[in-house]
Amino acid sequence: MNPLRRTLVAVASLVLLATGATAATATTDTHPNKPKPTIVLVHGAFADGGSWNKVSEKLQRDGYKVVVPANPLRGPESDTKYLTGVLAGIPGPKVLVGHSYGGAIITELASTPDVKALVYVAAFIPQAGETVGGLNSQFPGSEIGPDTTDVISYAGGVDLAMKPEAFRTVFADDLPYREQSLLGASQRPIAASAFTEVIQKSAPADLPKYAILPSKDRAIAPAAEAWMAQRAGAKTVKVQGASHLVMLSEPSPVTKLIEQAATNR
């Protein structure tokens, strides 16, 4: 082969290689990574959105959009209606996370479009026809009752609030004293009727479910949480020595499980 011909062949080969590389790059660029789902954190009774602060910070640091709505705590039907409106304003896929009574609410919301997974954190996992109060009395171990709550009667109904000294032990006995005091002082009462109102919907059986089970929960009996999680087919993580407010005392394992749910692992 003469020198001129060898040069032309070499140039043609380089052009083909460059064209192939460009095509490969173009193919890669047409398949961007799927967007991360929005994490919706629903607080429970005797609490507000601040109970999710430590988990929210970690999730945001990891690139997740986080929404922490105010749960009205008026009862499953009313709260579900309100939060249905909140979810309608959040585009794209969503992972719902519920703490305590919030677990009943995300169960009712589970059939909302674009909900990809449910995460229960020291939470109730009810089925249609059950009540939160009934589930909490099914196993011994819950210390929520007349001795630990105050009754607030007003023109519109009756609310319950945790007594400050009881809040520390029942909800947060593994948190520093000052944090316990702040949380007890800023708690939001719940309608007493929320504990006896019947749940209307079960979560779809094929929807992925995850559960955090704190071993020293004194608000919901650990045996009840384990039984409900097993019945729901949830992937469970036990956190030894953690209280009912496990997302504040042990935010790392809670965040890790939420991110597993978000990536369907």
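Up top you'll find the structure we're talking about.
The numbers attached to residues start from 1 for each chain and follow its sequence in the written order. Owing to the predicted nature of the model, reporting of local features is limited to residues with pLDDT of at least 70; listing and counting of side-chain atom pairs is limited to 80 or more, with chain, interface and lining totals taken over all residues. Side-chain metrics in this entry use all non-hydrogen atoms of the structure; hydrogen atoms and water are not considered.

Colleague: Before we go on, may I ask you to explain the overall build of the chain in this structure?
Modeller: Helices and strands together make up the secondary structure of the chain, namely 10 helices and nine strands. Burial classes follow relative accessibility: with a 1.4 Å probe on protein chains only, a residue under 20% of its type's maximum area counts as buried, one over 50% as exposed, and anything between as partly exposed. The buried share of the chain, reckoned over its 265 residues, is 45%. The criterion used for residue contact is that any of the two residues' heavy atoms lie within 4.5 Å. Sequence separation of 24 or more characterises 71% of the internal contacts of the chain that already satisfy a separation of 6 or more. Only DSSP runs of H or I with at least four residues qualify as helices, and only runs of E with at least two residues qualify as strands; both kinds are numbered from the N terminus onward.

Colleague: Any chance you could explain the sheet that holds strand β6 (residues 157–162) here in plain terms?
Modeller: What holds strands together in a sheet is hydrogen bonding between their backbones, with the strands either parallel or antiparallel. When DSSP locates at least two bridges between a pair of strands, those strands are taken to pair. Taking strand neighbours across the sheet as the criterion, the three strands line up as β5-β6-β7 in an open arrangement whose pairing is antiparallel. The sheet terminates laterally at β5 (149–154) and β7 (190–191), the two strands that pair on one side only. Pairing of β5 with β6, which is carried by six bridges, proceeds in the antiparallel orientation. The residue bridging Val-151 from the neighbouring strand is Leu-160, located in β6.

Colleague: Any chance you could explain the layout of surface pockets here in plain terms?
Modeller: Where empty space is left becomes clear once a probe the size of a water molecule has been rolled over the atoms. Only protein atoms enter the 1 Å grid used here. Points where a 1.4 Å probe fits but cannot escape make up a cavity, open sets with protein on both sides within 12 Å along at least five of seven lines make up a pocket, and a residue lines them when an atom lies within 4 Å of a point. Grid points are joined across faces, edges and corners, and a volume is the space filled by probe spheres set on the points. Each pocket or cavity is described by its volume, and for the largest pocket that value is around 200 Å³. At the level of elements, α5 (132–136) and β5 are the ones that each hand at least two residues to the lining of the largest pocket. When residue character is reported, Ala, Val, Leu, Ile, Met, Phe, Trp, Tyr, Cys and Pro are called nonpolar, Asp, Glu, Lys and Arg charged, and the others, Gly included, polar. Here the residues of the lining of the largest pocket are counted per class, giving six nonpolar, six polar and no charged.

Colleague: Even after reading the chapter, I still don't get empty space enclosed by the protein, so can you show me in this structure?
Modeller: Evaluation of the coordinates by the stated rule reveals two cavities of 30 Å³ or more. Size it by volume and the largest cavity reaches roughly 80 Å³. Ala-45, Ser-100, Phe-124, Ile-144 and Phe-195 are the residues nearest the centre of the largest cavity, which is lined by 13 residues in total. Of the pockets and cavities examined, the second largest cavity occupies roughly 70 Å³. Together, Phe-46, Ala-47, Asp-48, Ser-51, Phe-167, Phe-171, Leu-183, Ser-186, Gln-187 and Leu-245 line the second largest cavity. Within the lining of the second largest cavity, the residues separate by chemical class into six nonpolar, three polar and one charged.

Colleague: How should the pattern of salt bridges be read in this particular structure?
Modeller: The term salt bridge refers to a pairing of a side-chain nitrogen on Lys or Arg with a carboxyl oxygen on Asp or Glu at a separation within 4 Å. For the structure on display, the rule yields seven salt bridges. Taking the shortest distance from any N to any O, the salt bridge between Glu-179 and Lys-54 comes out at 3.5 Å. One end of the pair, Glu-179, is in helix α7 (residues 177–185); the other, Lys-54, is in helix α2 (residues 53–61), with 125 residues separating them in the sequence. Linking Lys-81 and Glu-77 is a salt bridge whose minimum nitrogen-to-oxygen distance equals 3.5 Å. You can see Lys-81 and its partner Glu-77 sitting in helix α3 (residues 76–88), four residues apart, about one turn around the helix. The class for Lys-81 is exposed, based on a relative accessible area of 57%. Note on Glu-77: relative accessible area 46%, which makes it partly exposed.

Colleague: Whenever I open this one, helix α10 (residues 251–262) confuses me. Can you help?
Modeller: An α-helical turn contains 3.6 residues, so a residue and the one three or four places further along point in the same direction. A helix is expected to span 1.5 Å multiplied by its residue count minus one. Helix length check: α10 (12 residues) gives 16 Å between terminal C-alpha atoms against 16 Å at 1.5 Å per residue, within 8%. Taken across its 12 residues, α10 has nine buried, putting it largely inside the fold. The set of residues buried in α10 consists of Pro-251, Val-254, Thr-255, Leu-257, Ile-258, Glu-259, Gln-260, Ala-261 and Ala-262. One or two positions beyond α10, positive phi appears at Asn-264, with a value near 60°.

Colleague: Honestly, the pairing of strand β9 (residues 235–239) in this entry has me stumped. Any pointers?
Modeller: Across a regular strand the side chains alternate sides, sitting on one face of the sheet and then on the other. As judged from the five bridges shared by strand β8 (residues 209–214) and β9, these two strands associate in the parallel manner. Bridge pairing in β9 places Ile-212 opposite Val-237. Once you follow β8 into helix α8 (residues 222–232) and on to β9, the crossover reads as right-handed. Every crossover in which the path from the first strand over the helix to the second runs clockwise, viewed with the strands pointing away from the viewer, is termed right-handed.

Colleague: Whenever I open this one, the sheet that holds strand β2 (residues 66–67) confuses me. Can you help?
Modeller: Spatially, six strands are ordered β2-β1-β3-β4-β8-β9 in an open sheet, and the strand pairing comes out parallel. Looking along the sheet, the strands with just one partner apiece sit at the ends: β2 and β9. With five bridges joining them, strand β1 (residues 38–42) and strand β3 (residues 94–99) adopt parallel strand pairing. The residue bridging Val-42 from the neighbouring strand is Gly-98, located in β3. Whenever a helix is involved, its axis is fitted only over the stretch in contact; in every case the axis is a line through C-alpha atoms, and angles between N-to-C directions fall within 0 to 180 degrees. α8 rests against β8 and β9 of the sheet, and its axis sits at about 165° to β8. Strands β1, β3, β4 (115–121), β8 and β9 of the sheet are contacted by α10, whose axis makes an angle of about 170° with β8.

Nothing here speaks to function; it is geometry throughout.
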